Amino acid sequence: MPSIPPPYAATVAAVADADIAIFDGDCIFFGGCFTSTGAKTIKIYDNNSTATGDLIYQVTLAANESANYRIPGGVSCTTGIYVDLSGAGTHVGSVFYGA
């Protein structure tokens, strides 16, 4: 497991309109910010390539809604971080992580 000393500087990875593997390997998920023009569900898994494994975050957005989620200290992920998007509309957002 990576050791990130306080104040836990995070890397930002953009997420837009498609499922994406954010990181492959041990890391820490700190949260993210998301917005969508249509109803959209965002699921984040402890995985490096598919929407399986431990679900570590989920939010469902209504049309034109936003969510900002931050976990002080983060959640340890042993495999990686994978973002799964489903629903309608255009999605933009970011995931915050440390490795």
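Residues numbered from 1 in each chain as written. Predicted model: local features only at pLDDT ≥ 70, side-chain atom pairs only at ≥ 80, totals over all residues. Heavy atoms only, no water.

## Details of the nonpolar core
Generally speaking, nonpolar side chains in soluble globular proteins are found buried as a group.
Thinking step 1. In terms of nonpolar packing, the biggest core is built from 20 residues, with Phe 29, Ile 44, Ile 81 and Val 95 touching the most fellow members.
Thinking step 2. Secondary-structure elements contributing two or more residues to this core are β1 (11–16), β3 (27–36), β4 (40–46), β5 (54–61), β6 (65–77), β7 (80–87) and β8 (91–98).
Thinking step 3. The element that contributes the greatest number of residues to this core is β5, accounting for 4 residues.
Thinking step 4. Setting aside anything within four residues of it in sequence, one finds Ile 44 in contact with Phe 29, Phe 34, Asp 54, Leu 55, Ile 56, Tyr 57, Ile 81, Tyr 82, Val 83 and Val 95. (Core = buried A, V, L, I, M, F, W, Y, C linked by side-chain atoms within 4.5 Å. Buried < 20%, exposed > 50% of the residue type's maximum accessible area, 1.4 Å probe, protein only. Helix = DSSP H or I, 4+ residues; strand = E, 2+ residues; numbered from the N terminus. Contact = heavy atoms within 4.5 Å.)

## Here we look at the sheet that holds β4
Thinking step 1. Strand order across the open sheet formed by 4 strands is β2-β7-β4-β5, with antiparallel pairing between neighbours. Only two strands of the sheet have a single neighbouring strand rather than two, namely β2 (20–24) and β5. Here the strands of the sheet are splayed against their neighbours by 15° on average, with no regard to which way each runs. (Pairing = 2+ DSSP bridges. Axes fitted to C-alpha atoms, helices over the stretch in contact; angles between N-to-C directions.)

## Some details on the packing of aromatic side chains
Thinking step 1. As enumerated under the stated definition, the model contains 4 aromatic pairs in all.
Thinking step 2. Aromatic pair Phe 23 and Tyr 97: ring centres 5.5 Å apart, planes at 45°, arrangement tilted. Residue Phe 23 is located in strand β2, and its partner Tyr 97 is located in strand β8; the two are separated by 74 residues in the primary sequence.
Thinking step 3. Chaining the aromatic ring pairs together yields one cluster made of Phe 29, Phe 34, Tyr 57 and Tyr 69. (Phe/Tyr/Trp six-rings, centres within 6.5 Å; stacked < 30°, edge-to-face > 60°.)

## Topic: the sheet that holds β8
Thinking step 1. Reading across from one edge, β1-β8-β3-β6 is the order of the 4 strands in this open sheet, with antiparallel pairing throughout. Where the open sheet ends on each side, the last strands, each with one partner, are β1 and β6. Strand-to-strand, the axes of this sheet are offset by a mean angle of 15°, without reference to chain direction.

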